[in-house]
Amino acid sequence: MTNSAVTVDGLRVRRGGREVVRGVSFEVTAGAVTGLLGPSGCGKTTVMRSIVGVQIVAGGRVSVLGEPAGSRSLRREIGYATQDPAVYADLTVTEALRYFASILRAPASDVDRVVAEVGLEEEAHSLIGTLSGGEHSRANLAIALLGRPRLLVLDEPTVGLDPVLRDSLWGLFRSLAAAGTTLLVSSHVMDEAARCDRLLLMRDGRLLTDDTPAGLRVRTGTADLEQAFLHLIRERQAARS
Ligand SMILES: Nc1ncnc2c1ncn2[C@@H]1O[C@H](COP(=O)(O)OP(=O)(O)OP(=O)(O)O)[C@@H](O)[C@H]1O
């Protein structure tokens, strides 16, 4: 019996006529914060889309909470915040959240809860089109939190946020995980890696490593996770040559 919320086995995805995910396998531990890290274009979003079930895959298997990714029964179990917020500019934050809450059949009281969780109380009645980039992405995150999904897939949720807000969102992620939610969070900021329970490092469509931050530091002999990542890249290049 494993405690995996997500199992990805030999995933292959083609986009734009080339293979951008090239045989990736990993598990996401239930009730933990797993970081999906790697440089821009390495395939993080594509892996997330495959888990959420919105990506056509060329091969492999993805299962989520015991069901094949994309299953109808998973719709209300997964909260997905994309990188490009897909929220309506002409609605206020509260109106948009009420709208999505009704679609998800989440309780009306969820709207105030998620507004507070992402720290948007003061902007609750502002039109989304007037929000700053960071506020806009927090509104997007608030939508993903509606209905208390068991799995949260968050694509670069802290981009454009100042250090104080980033810290408070990581506090939120930790408290959600402590309450049993599984989080998969992508980032290309290495200082966020240290905040994760587990790290999946990707490069060029492949998984370089799947480890804890402490395990990665020990294995690569460096305290700095950015250096650890570079160490793994050099190790992989040396193995190939
Ligand atoms: N709609 C698309 N059509 C064709 N190719 C695409 C499409 N979306 C992404 N790609 C390509 O797939 C590869 C992986 O992209 P992906 O968005 O998964 O990377 P990422 O690691 O999430 O990058 P970033 O951190 O910049 O968001 C990239 O080479 C990208 O150019």
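Preceding this paragraph is the structure being described.
These remarks concern the structure in this document. If you're wondering where the values come from, they're calculated on a predicted model, not measured in any experiment. (Residues numbered from 1 in each chain as written. Predicted model: local features only at pLDDT ≥ 70, side-chain atom pairs only at ≥ 80, totals over all residues.)

## Re the pairing of strand β4 (residues 59-64)
Link 1 in the chain: Here 5 bridges tie strand β1 (residues 4-15) to β4, and the two strands are oriented antiparallel to one another. Bridging from a neighbouring strand, Asp9 pairs with Arg61 of β4.
Link 2 in the chain: The hairpin formed by β4 and strand β5 (residues 67-68) contains 2 residues between the paired strands, and Leu65 there has a positive phi angle of roughly 50°. (Pairing = 2+ DSSP bridges. Helix = DSSP H or I, 4+ residues; strand = E, 2+ residues; numbered from the N terminus.)

## Here we look at the sheet that holds strand β3 (residues 33-37)
Link 1 in the chain: Strand order in this open sheet of 6 strands is β6-β7-β8-β3-β9-β10, and the pairing throughout is mixed. Where the open sheet ends on each side, the last strands, each with one partner, are β6 (78-81) and β10 (206-211). Looking at each pair of strands side by side, their axes are set apart by 15° on average, direction ignored.
Link 2 in the chain: Relative to strand β7 (residues 151-155), β6 runs parallel, the two sharing 4 bridges. By the bridge assignment for β7, Gly79 is matched with Leu152.
Link 3 in the chain: Those strands touched by helix α5 (residues 163-178) are β3, β7 and β8 (182-187), and its axis lies near 155° from that of β8.
Link 4 in the chain: Where helix α7 (residues 225-240) meets the sheet, its contacts fall on β9 (198-203) and β10, and the angle it forms with β10 comes to roughly 130°. (Axes fitted to C-alpha atoms, helices over the stretch in contact; angles between N-to-C directions. Contact = placed C-beta atoms within 7 Å.)

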